[in-house]
Amino acid sequence: DGGITQSPKYLFRKEGQNVTLSCEQNLNHDAMYWYRQDPGQGLRLIYYSQIVNDFQKGDIAEGYSVSREKKESFPLTVTSAQKNPTAFYLCASSIDLVSGGPYEQYFGPGTRLTVT
Amino acid sequence: GQNIDQPTEMTATEGAIVQINCTYQTSGFNGLFWYQQHAGEAPTFLSYNVLDGLEEKGRFSSFLSRSKGYSYLLLKELQMKDSASYLCAPHYPGSARQLTFGSGTQLTVLP
């Protein structure tokens, strides 16, 4: 079945360590997104990518980095520069952004990161 | 920004009807998505409206008024499992990020 996978579901790290969250999709989608969600709040866009080898900062990119070397994969690295990294991280994908719309975003199950 | 406004919380009783409103900026707007998100889970797609009017899909309906920058999600015959956050997400094709999500309305269904 096609879908988006994120692993692990729960991740624990010590403060000062970088950590990479994985996101893989087999939907043949061009666009991929990373969101952060804090308790009781909506989704805030961290980074998005329209095509391979291209990505753009979202609203809260500071302290995060991404890569898009393959269409299927869009890993997110939470660096030690991110001051408050504990949150629920959601990856999403949609078909290409160029040729019109609408483009429903399909979400992975999320990774809950706890940094102590 | 897209100035998305939806109520933070709503409470309703099992079997009742509830309407969740959302207002948004109309400039560059194309259509509007509604997503449902249960606690600790990923959002799931409910509806997409691009034309004015009401679209019904089982117990859930979604309404759009393009000129007023207004949408609502109508949930009928509420069930306990409908307790979730409902996210309004207007679609702006001219924006590379495409969707901007509202903060969500946390609906609690009481027995």
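Our subject is the structure that appears above.
Residues numbered from 1 in each chain as written. Chains lettered and ligands numbered in written order. Predicted model: local features only at pLDDT ≥ 70, side-chain atom pairs only at ≥ 80, totals over all residues. Heavy atoms only, no water.

Is there a simple way to think about the overall build of chain A in this case?
Secondary structure summary: chain A contains zero helices and 11 strands in total. Going residue by residue from the N terminus, the α and β elements of chain A occur as β-β-β-β-β-β-β-β-β-β-β. Expected size for 116 residues packed as a compact globule is a radius of gyration near 13 Å; at 14 Å, chain A falls within 12% of this value. For chain A, the spread of C-alpha atoms along the three principal axes comes to 45 × 30 × 25 Å. Taken across its 116 residues, chain A has 47% of its residues classed as buried. Counting only contacts in chain A whose residues sit at least 6 apart along the sequence, the fraction spanning at least 24 positions is 54%. Per element, the accessible surface of chain A, about 5700 Å² overall, is 47% carbon and sulfur. The average position of the 11 basic charges and that of the 12 acidic charges among the side chains of chain A differ by 9 Å. (Helix = DSSP H or I, 4+ residues; strand = E, 2+ residues; numbered from the N terminus. Rg over C-alpha atoms; globule rule 2.2 N^0.38 Å. Buried < 20%, exposed > 50% of the residue type's maximum accessible area, 1.4 Å probe, protein only. Contact = heavy atoms within 4.5 Å. Areas by Shrake-Rupley, 256 points an atom, 1.4 Å probe, with all protein chains shown as cover. Lys, Arg positive; Asp, Glu negative; His and termini not counted. Charge placed at Lys NZ, Arg CZ, Asp CG, Glu CD.)

When you look at the state of the cysteines in this model, what are you seeing that I'm missing?
Put plainly, two cysteines are in a disulfide when a covalent bond ties their sulfur atoms together. All names here are of chain B. A full pass over the atoms with the stated rule returns two disulfides over all chains. The disulfide bridge from Cys22 ends at Cys88, spanning 1.9 Å between sulfur atoms. Between Cys22 and Cys88 the sulfur-sulfur dihedral comes to about -65 degrees; the bridge is accordingly left-handed. Taken together, the residues span a long stretch of sequence, with Cys22 in strand β2 (residues 18-23) and Cys88 in strand β8 (residues 84-91) at a distance of 66 residues. When sorted by exposure, Cys22 lands in the same class as Cys88, which is buried. (Disulfide = S-S within 2.5 Å.)

What is the right way to read the sheet that holds β8(B) from this model?
Two strands in a sheet stick together by hydrogen bonds in their backbones, pointing the same way (parallel) or opposite ways (antiparallel). All names here are of chain B. Taking strand neighbours across the sheet as the criterion, the five strands line up as β1-β9-β8-β3-β4 in an open arrangement whose pairing is mixed. Each edge of the open sheet is held by one strand with a lone partner, namely β1 (9-13) and β4 (44-49). Between one strand and the next, the sheet's axes are offset by a mean angle of 25 degrees, whatever the strand orientation. (Pairing = 2+ DSSP bridges. Axes fitted to C-alpha atoms, helices over the stretch in contact; angles between N-to-C directions.)

Help me understand the interface of chain A and chain B in this model?
Across the boundary between the two partners, chain A contributes 25 residues, which contact 18 residues of chain B. Summed over both partners, the interface of chain A with chain B comes to about 1600 Å²; 58% of that surface belongs to carbon and sulfur atoms. On inspection of chain A and its partner chain B, the count reaches zero salt bridges. Of all the secondary structure elements, the ones that give two or more residues to the side of chain A that touches chain B are β4 (31-37), β5 (43-49) and β9 (87-94) of chain A. For the side of chain A that touches chain B, the class distribution of residues is 12 nonpolar, nine polar and four charged. (Buried area = accessible area lost by both parts, 1.4 Å probe. Salt bridge = Lys/Arg side-chain N within 4 Å of Asp/Glu carboxyl O. Nonpolar A, V, L, I, M, F, W, Y, C, P; charged D, E, K, R; others polar.)

Quick question: what am I supposed to make of the environment of B:Asp52 here?
Residues and elements named next belong to chain B. Tracing the sequence through the fold places Asp52 in the loop between β4 and β5 (53-57). Taking the C-alpha atoms as reference, Asp52 lies 5.0 Å from Leu64; in sequence the two are 12 residues apart. Contact partners of Asp52, with chain neighbours within four places excluded, come to Leu64, Ser65 and Arg66. Separated by 2.7 Å, the side chain of Asp52 and the backbone nitrogen of Arg66 make a polar contact. (Polar contact = N/O pair within 3.5 Å; in protein donor to acceptor, adjacent residues only side chain to side chain.)

Quick question: what am I supposed to make of the pairing of β5(B) here?
For a regular strand, side chains alternate in direction, first toward one face of the sheet and then toward the other. Residue and element names in this part refer to chain B. By the bridge criterion, five bridges tie β5 to strand β6 (residues 60-65) in an arrangement that is antiparallel. Counterpart to Lys57 in the pairing with β6 is Phe60. As consecutive antiparallel partners, β5 and β6 are separated by two residues, and within that stretch Gly58 has a phi angle of approximately 65 degrees, a positive value.

Geometric values such as these leave the question of function open.
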